[in-house]
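As a plain string of letters, each chain reads:
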Number of protein chains: 2
Amino acid sequence: MTDCPLCDEQGGTILWQDAFCRVILVDEPDYPGFLRVILSAHIKEMTDLPAADQMALMRVVWAAEAALRKVMAPDKINLASLGNVVPHLHWHVIPRFAGDPHFPNPVWATRLRDTPHAAPADLASLLTAALENSLNGVATPRLSADPALRKR
Amino acid sequence: MTDCPLCDEQGGTILWQDAFCRVILVDEPDYPGFLRVILSAHIKEMTDLPAADQMALMRVVWAAEAALRKVMAPDKINLASLGNVVPHLHWHVIPRFAGDPHFPNPVWATRLRDTPHAAPADLASLLTAALENSLNGVATPRLSADPALRKR
């Protein structure tokens, strides 16, 4: 055990992963389809990563965005890397719909209504298929293979 | 005039720009150093951009992050591309400090205190110098040179 929940736990249902990062489906009733892309290594800021790894992580973020657009056709995608509470690089990839609980506010702002957007029953498998379609075969950066970069 | 404020207005004090995008200093008393990286073209989602332009825009976002880290040494950088209100690609790059008005909440969540972090009087010129140092000489993608991609 470490003091970092993203080093110790999966953080949700894993839809896709390799040694470098994982894409998880967050259990958030207000936002079915809320994904997080979590770097395997315990690193705090994007500018702490080498350029090739910055781009590799963003390619997975764009794949998550594309999967959500394909499967859910949201009105907008919200992307954020905050990490004030858990300073271990992770990207929120959130499908937003006009009329969802906070729209047009950010999901962290005032909640306006009780109307989560409906999602297909097989959402996880549809998103996994879309992620595999765009990501499998992409080379894995070496960074996360270095165990020294995992928090102990 | 269009119906898009980021097509019609600068959106703040321009610290750096080329034909592809601009970096502006937001007038936000709670967050001195709050930067936005705004794409010139009126495009909604990152996955609407060609891969080379996705990466070009993120290189400017990383440069903004690096400039803030160099000049202000924040405790955390927050990055977000939301666009629910203004669906024209722009990245928020926000220096966060333990004890700032919302920390550790996102800046869009509940405000906790009246203590903006102090910033140097010459903040804009320091950030501009840092941006120029990392960005000048970087090739400009062709995208924004196409006037058809600007909203009319």
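Whatever comes next refers back to the structure up there.
Let me begin by describing the structure that accompanies this report. (Residues numbered from 1 in each chain as written. Chains lettered and ligands numbered in written order. Predicted model: local features only at pLDDT ≥ 70, side-chain atom pairs only at ≥ 80, totals over all residues. Heavy atoms only, no water.)

Within chain A one finds 3 helices and 5 strands. Computed over C-alpha atoms, the radius of gyration of chain A comes to 15 Å, within 12% of the 15 Å expected from 2.2 N^0.38 for 152 residues, which places it in the range of a compact globule. When the backbone C-alpha atoms are referred to their principal axes, chain A occupies close to 45 × 35 × 25 Å. The proportion of buried residues among the 152 residues of chain A is 51%. Expressed as a percentage of contacts within chain A between residues at least 6 apart in sequence, the contacts between residues at least 24 apart total 54%. When the accessible surface of chain A is summed, it comes to about 6,600 Å², and 52% of that surface belongs to carbon and sulfur atoms. Distance from the positive charge centre (14 side chains) to the negative charge centre (17 side chains) of chain A: 4 Å. (Helix = DSSP H or I, 4+ residues; strand = E, 2+ residues; numbered from the N terminus. Rg over C-alpha atoms; globule rule 2.2 N^0.38 Å. Buried < 20%, exposed > 50% of the residue type's maximum accessible area, 1.4 Å probe, protein only. Contact = heavy atoms within 4.5 Å. Areas by Shrake-Rupley, 256 points an atom, 1.4 Å probe, with all protein chains shown as cover. Lys, Arg positive; Asp, Glu negative; His and termini not counted. Charge placed at Lys NZ, Arg CZ, Asp CG, Glu CD.)

Take the interface of chain A and chain B next. Opposite the 32 residues of chain A that make contact, chain B presents 32 residues. Carbon and sulfur atoms supply 57% of the area buried between chain A and chain B, which totals about 2,900 Å² over both sides. Sorting the residues of chain A by area buried against chain B places A:Trp62, A:Lys76 and A:Asn84 first, and these three jointly supply 23% of that buried surface. At the surface where chain A touches chain B, the tally comes to 4 salt bridges. The interface formed by chain A and chain B includes 28 residue pairs in polar contact (both at pLDDT 80 or more). Only α2 (51-72), β4 (76-81) and β5 (90-96) of chain A provide two or more residues apiece to the side of chain A that touches chain B. At 8 residues, α2(A) tops the list of elements feeding residues into the side of chain A that touches chain B. Looking at side-chain class alone, the side of chain A that touches chain B contains 16 nonpolar, 7 polar and 9 charged residues. (Buried area = accessible area lost by both parts, 1.4 Å probe. Salt bridge = Lys/Arg side-chain N within 4 Å of Asp/Glu carboxyl O. Polar contact = N/O pair within 3.5 Å; in protein donor to acceptor, adjacent residues only side chain to side chain. Nonpolar A, V, L, I, M, F, W, Y, C, P; charged D, E, K, R; others polar.)

Another point: unusual backbone geometry. Residue and element names in this part refer to chain A. The residue after Phe103, namely Pro104, is reached through a cis peptide bond having omega 0 degrees. As for its placement among the helices and strands, Pro104 is situated in the loop between β5 and α3 (123-135). Despite not being glycine, Ala73 shows a phi value in the positive range, around 45 degrees. Along the polypeptide, Ala73 turns up in the loop between α2 and β4.

This part takes up the layout of surface pockets. Take a probe with the size of a water molecule and roll it over the atoms, and the empty space left behind shows itself. All names here are of chain B. In this model, the largest pocket occupies a volume close to 300 Å³. Contributing to the lining of the largest pocket are 16 residues, with Arg36, Val85, Val86, His90 and His92 lying nearest its centre. Put simply, the parts of the chain that give the lining of the largest pocket at least two residues each are α1 (5-8) and β5 (90-96). When its residues are assigned to classes, the lining of the largest pocket shows 8 nonpolar, 6 polar and 2 charged. (1 Å grid on protein atoms, 1.4 Å probe; cavity = no way out; pocket = protein on both sides within 12 Å on 5 of 7 lines; lining within 4 Å. Points joined across faces, edges and corners; volume = space filled by probe spheres on them.)

Right, let's talk about the side chain of B:His92 for a bit. Residues and elements named next belong to chain B. Structurally, His92 can be placed in strand β5. You can call His92 buried: its relative accessible area is 7%. Engagement of the side chain of His92 in a polar contact is seen with the side chain of Arg36, the distance being 3.0 Å. Every residue in contact with His92, bar those within four places of it in the chain, is listed here: Phe34, Leu35, Arg36, Asn78, Leu79, Ala80 and Trp108.

Under the definition given, this model contains 2 cavities of 30 Å³ or more. A volume near 30 Å³ is recorded for the second largest cavity. Lining the second largest cavity, in full, are A:Lys76, B:Lys44, B:Ser81, B:Leu82, B:Gly83, B:Val86, B:Pro87, B:His88, B:Leu89 and B:His90. Across the lining of the second largest cavity, the residue classes break down as 4 nonpolar, 4 polar and 2 charged.

Tallied over the full model, the rule gives 10 salt bridges over all chains. A salt bridge links B:Arg96 to B:Asp100; the shortest N-O distance between them is 2.7 Å. Relative accessible area serves as the criterion here: at 2%, B:Asp100 is assigned to the buried category. A single salt-bridge network, built from bridges that share partners, covers A:Asp30, A:Arg111 and A:Asp114.

Here the focus is the relation of the copies chain A and chain B. Each of the two chain copies can be brought onto the other by rotation about an axis and movement along it. When chain A is fitted to chain B, the best match, at an RMSD of 0.0 Å, comes from turning it 180 degrees and sliding it 0.0 Å along the axis. Between the two chains, the operation in question is that of a two-fold axis. In this assembly the copies share their binding face: 100% of the residues contributing to the interface of chain A also contribute to that of chain B. (Least-squares fit on C-alpha atoms with pLDDT ≥ 70 in both.)

The subject of this paragraph is the packing of α2(A) against α3(A). Between two packed helices, what matters for the description is the angle formed by their axes and the separation of those axes. Residue and element names in this part refer to chain A. Across the interface, α2 lies against α3 with an axial gap of 9 Å and an inter-helix angle of 135 degrees. On the basis of their axis angle, the class for α2 and α3 is oblique. Here α2 runs over α3; the crossing is right-handed. Of the residues in α3, those in contact with Arg59, Val60, Ala63, Ala64, Ala67, Leu68, Lys70, Val71 and Met72 of α2 are Leu123, Leu126, Leu127, Ala130, Leu131, Ser134 and Leu135. The class makeup of the residues in the contact of α2 with α3 is 13 nonpolar, 1 polar and 2 charged. (Axes fitted to C-alpha atoms, helices over the stretch in contact; angles between N-to-C directions. Parallel < 35°, antiparallel > 145°, perpendicular 65-115°, else oblique. Left-handed = near helix turned anticlockwise from the far one by under 90°.)

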